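Working through the structure, step by step
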Amino acid sequence: MKSQKAHSDMAEIILKPRKEKPLRQHHPWIFSGAIARVQGQPAAGDIVTVRAQNGRWLARAEFNPHSQIRARAFCWNEKITVDEAFWRQRLVAAVARRNALMPTAQARRLVFAESDGLPGLIVDAYGPHLVAQFLTAGAEARKAMTVQHLVEHLAPASIIQRDDPVRRKEGLPPAEDVLYGQPPATAWRIDENGHQFLVDLRSGQKTGFYLDQATNRAALAPYCAGQEVLNAFSYTGAFGLYALAAGAKKVINLDASAEALALADVQLRNNGFAAEHWQNIEADVFKQLRIWRDEGRQFDLIILDPPKFATSRGHLQRATRGYKDINWLAMRLLRPGGLLATFSCSGLVSADLFQKILFGAALDAQRDARIIRHFHQSPDHPVLLTFPEAAYLKGLLLHIT
Ligand code: SAH
């Protein structure tokens, strides 16, 4: 395999003067602007040695000439040999962390890319079925090896590859495939904190389910008892199902995806919730909130869990306007003393910025908003302190008067 070259003939990246500090602090990303020159002719996905201007050894990284993030470092110890055993060990360690931190979860993220020292690799487990994403040239180059290690270590029933738009930023083609075994023919049933969900592993969004919200769904449920809940951007209605199980008076799931709501329907019936307690509405949230505002419709608790509005720095302003818009409207739709559980999964929108956006929304809505608690991604999506960019999901529970 190309990426397994002997270290002696490995290509090298020499950084510009004064550009080595982040790398010395174990930050993995090396942007094109930090590189003085590349020695040798590394191909996309090849492993390279990274050196400071003065020749000092800094790290090993995977190279990609097609990405703004020209190289991703993953090893900061010169004495460690990067071979198959190295990668296998990284994978085993990632799985061991989940076994230690969330041993009983049936559906969980086993590998979270840079946070597990495995750039670009996502592996989610849904019981015996694994869904993987290979989001960098290096992860793509190691795909066959990764599949082999997963099979040996976990003996899965199947491994499915799902695509993601971020592959395009890395110059990688669309890719959806069955990499191993026999995936389930229909939606796969998982248990999350005692609740049953149906997951479409082959064509659902992302890897089929938003595992990153698991702990937040559980944390929010007790607030829903006896309440009229609007679950906006509901996908398959996971927050709504927790709310009903906790005794919500009524739950409205609102989403633009007919497929997601169809699954929500089946799932609510399967769980035996009486039809008068829930409703699934297919509509655009921006439009529907305005319709309800004009009608004077009110709710006790609103959940806003939109998709990633900021996909690049250039879209940050537009994203900010989007977040402000839905939050301002939601504050208006709440009864006095109502609760707003509001999220952003845009990595480019920091927790600070998100709070500022909500401050602006509350001013516009002419409401007082008080922070009751903070939300972040579930523990199977951990954040290395050396790589804070991994903390993409943030949320606040606001008490609105
Ligand atoms: N809260 C969900 C995950 C939400 S993901 C869960 O816990 O599973 C974001 C959802 O927003 C997706 O289901 C997508 O279909 C939906 N969506 C995106 N843009 C939308 C819009 N403008 N109006 C309504 N739904 C939208």
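Residues numbered from 1 in each chain as written. Predicted model: local features only at pLDDT ≥ 70, side-chain atom pairs only at ≥ 80, totals over all residues. Heavy atoms only, no water.

Overview of the overall build of the protein chain
Counting secondary structure elements, the protein chain contains eleven helices and 20 strands. With respect to the principal axes defined by its C-alpha atoms, the protein chain has extents near 70 × 45 × 35 Å. Surface exposure of the protein chain reaches about 17,600 Å², of which carbon and sulfur atoms provide 53%. Here the protein chain carries 49 positive and 39 negative side-chain charges, and the mean point of each set is 6 Å from the other. (Helix = DSSP H or I, 4+ residues; strand = E, 2+ residues; numbered from the N terminus. Areas by Shrake-Rupley, 256 points an atom, 1.4 Å probe, with all protein chains shown as cover. Lys, Arg positive; Asp, Glu negative; His and termini not counted. Charge placed at Lys NZ, Arg CZ, Asp CG, Glu CD.)

Details of the site of the ligand
The environment of the ligand is made up of 16 residues, and the closest members are Arg 217, Asp 255, Asp 284, Val 285 and Asp 305. Ala 256 has a polar backbone atom sitting 3.0 Å from a nitrogen atom of the ligand. Separating a nitrogen atom of the ligand from a side-chain N or O atom of Asp 284 is a distance of 2.8 Å. Expressed as a share of its isolated accessible area of 580 Å², the protein-covered part of the ligand is 89%. Split into classes, the residues belonging to the shell around the ligand amount to nine nonpolar, three polar and four charged. (Near = heavy atom within 4 Å. Polar contact = N/O pair within 3.5 Å; in protein donor to acceptor, adjacent residues only side chain to side chain. Nonpolar A, V, L, I, M, F, W, Y, C, P; charged D, E, K, R; others polar.)

A few points about unusual backbone geometry
The phi angle at Arg 18 is positive, at roughly 60°, despite the residue not being glycine. Turning to its location among the elements, Arg 18 is positioned in the loop between β1 (12-15) and α1 (21-24). Residue class for Arg 18 comes out exposed when judged on its relative accessible area of 75%. (Buried < 20%, exposed > 50% of the residue type's maximum accessible area, 1.4 Å probe, protein only.)

Description of the pattern of salt bridges
Taken as a whole and assessed by the stated rule, the structure comprises 22 salt bridges. Residue Glu 62 pairs with Arg 142 through a salt bridge whose shortest N-O separation is 2.7 Å. Here Glu 62 is found in strand β5 (residues 57-63), whereas its partner Arg 142 is found in the loop between α3 (137-141) and α4 (143-154), with 80 residues between them in sequence. By relative accessible area, which is 4% here, Glu 62 ends up buried. A salt bridge links Arg 293 to Asp 294; the nearest nitrogen and oxygen atoms lie 3.3 Å apart. Owing to a relative accessible area of 32%, Arg 293 belongs among the partly exposed residues under this scheme. (Salt bridge = Lys/Arg side-chain N within 4 Å of Asp/Glu carboxyl O.)

Topic: the packing of helix α9 (residues 285-295) against helix α10 (residues 316-333)
α10 packs onto α9 with a crossing angle of 30° between their chain directions and a minimal axis gap of 10 Å. Between α9 and α10, the crossing angle belongs to the class labelled roughly parallel. The hand of the α9/α10 crossing is left-handed. The segment α9 lies against α10, with Val 285, Phe 286, Leu 289, Arg 290, Trp 292 and Arg 293 engaging Gly 322, Asp 325, Ile 326, Trp 328, Leu 329, Ala 330 and Leu 333. Considering only residue class, the contact of α9 with α10 consists of nine nonpolar, one polar and three charged. (Axes fitted to C-alpha atoms, helices over the stretch in contact; angles between N-to-C directions. Parallel < 35°, antiparallel > 145°, perpendicular 65-115°, else oblique. Left-handed = near helix turned anticlockwise from the far one by under 90°. Contact = heavy atoms within 4.5 Å.)

Remarks on helix α7 (residues 238-245)
Burial runs high along α7: seven of the eight residues are buried. Ala 238, Phe 239, Gly 240, Leu 241, Tyr 242, Ala 243 and Leu 244 are the residues of α7 that are buried.

Description of the side chain of Thr 236
Locating Thr 236 in the fold gives a position in the loop between β14 (228-232) and α7. Taking the relative accessible area as the measure of exposure, Thr 236 reaches 3% and is therefore buried. Not counting the four nearest positions on each side in its chain, Thr 236 is found in contact with Phe 209, Ala 260, Leu 263, Ala 264 and Gln 267.

Focus: the pairing of strand β20 (residues 394-400)
Burial analysis of β20 places six of its seven residues in the buried class, the great majority of the element. In this structure, strand β18 (residues 334-344) lies alongside β20, joined through seven bridges in antiparallel fashion. In the strand pairing of β20, Phe 343 is matched with Gly 395. (Pairing = 2+ DSSP bridges.)

Regarding the side chain of Asp 124
By the element assignment, Asp 124 lies in strand β8 (residues 121-126). With a relative accessible area of 1%, Asp 124 lands in the buried category. Polar contacts involving the side chain of Asp 124 include one to the side chain of Arg 109, which spans 2.7 Å. In this structure, Asp 124 is in contact with Arg 108, Arg 109, Leu 110, His 129, Leu 130, Val 131, Thr 207 and Leu 211, ignoring residues within four places of it in sequence.

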